[in-house]
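Chain by chain, the residues:
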Amino acid sequence: NVPEDQVDKLLLASWGLPKAVLEKYHSLGVVQMFEWQAECLMLGQVLEGKNLVYSAPTSAGKTLVAELLILKRVLETRKKALLILPFVSVAKEKKSYLQ
């Protein structure tokens with residue numbers, strides 16, 4: 001569980017993302033994360049580029065965790081990232097809003 005003093009970490013706005021990125025997520029109805037998603041992002045040194053392996057049912061929100069990790073690392077390090085997706089339709093969807 002997310003500690004009481006870090007409940008604000010459930011809000012996407014608490015992760016230092018650019019305004020345009022937040023507005024895009026908000027337009028899609030995504031304003032905050034589930035507790036398990038925030039827990040993933042706060043584990044160890046995940047935000048510093050260490051590995052993370054996690055599992056959740058279909059449509060549980062796994063992609064959001066990956067997107068936030070990628071966005072934060074790309075914006076902070078100015079390096080490129082590779083996002084591998086299982087279907088062309090998903091890849092096209094991600095491309096349209098990650099641009």
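Quick note: structure is the one above.
Residues numbered from 1 in each chain as written. Predicted model: local features only at pLDDT ≥ 70, side-chain atom pairs only at ≥ 80, totals over all residues. Heavy atoms only, no water.

1. Things to note about the nonpolar core
With 18 residues, the main nonpolar core has Leu12, Leu17, Tyr25, Met33, Leu41 and Leu68 as its most contacted residues. Counting only elements with at least two residues in this core, the list comes to helix H1 (19–27), helix H2 (35–42) and helix H3 (62–77). Each residue touching methionine 33, except ones within four places of it in the same chain, is listed here: Lys9, Leu10, Leu12, Trp15, Ala38, Leu41, Leu64 and Leu68. (Core = buried A, V, L, I, M, F, W, Y, C linked by side-chain atoms within 4.5 Å. Buried < 20%, exposed > 50% of the residue type's maximum accessible area, 1.4 Å probe, protein only. Helix = DSSP H or I, 4+ residues; strand = E, 2+ residues; numbered from the N terminus. Contact = heavy atoms within 4.5 Å.)

2. Section: the layout of surface pockets
Each pocket or cavity is described by its volume, and for the largest pocket that value is around 260 Å³. Around the largest pocket, the lining comprises 16 residues; the ones closest to its centre are Val30, Gly61, Leu64, Lys94 and Tyr97. When residues of the lining of the largest pocket are traced back to their parent elements, those giving at least two are H3 and helix H4 (88–98). Residues of the lining of the largest pocket, tallied by class, amount to eight nonpolar, five polar and three charged. (1 Å grid on protein atoms, 1.4 Å probe; cavity = no way out; pocket = protein on both sides within 12 Å on 5 of 7 lines; lining within 4 Å. Points joined across faces, edges and corners; volume = space filled by probe spheres on them. Nonpolar A, V, L, I, M, F, W, Y, C, P; charged D, E, K, R; others polar.)

3. Considerations on the packing of aromatic side chains
Describing an aromatic ring pair means giving the distance of the ring centres and the angle of the ring planes. Evaluated as defined, the whole model comprises one aromatic pair. Judged by centre distance (6.3 Å) and plane angle (40°), the ring pair of tryptophan 36 and tyrosine 54 falls under tilted. Highlighted residues: tryptophan 36 in helix H2 and tyrosine 54 in the loop between H2 and H3, separated in sequence by 18 residues. A relative accessible area of 26% means that tryptophan 36 is categorised as partly exposed. The ring of tryptophan 15 carries the charged tip of lysine 9 above its face, separated from the ring centre by 4.8 Å. (Phe/Tyr/Trp six-rings, centres within 6.5 Å; stacked < 30°, edge-to-face > 60°. Lys NZ or Arg CZ within 6 Å of the ring centre and 35° of its normal.)

4. With respect to H2
Every buried residue belonging to H2 is among Gln37, Ala38, Cys40 and Leu41, and all of these are buried. Along the axis of H2, the buried positions cluster into a sector of 155°, meaning they face one direction only. Looking one or two residues past H2, glycine 44 carries a phi angle of roughly 40°, positive in sign. (Arc of directions from axis to C-beta.)

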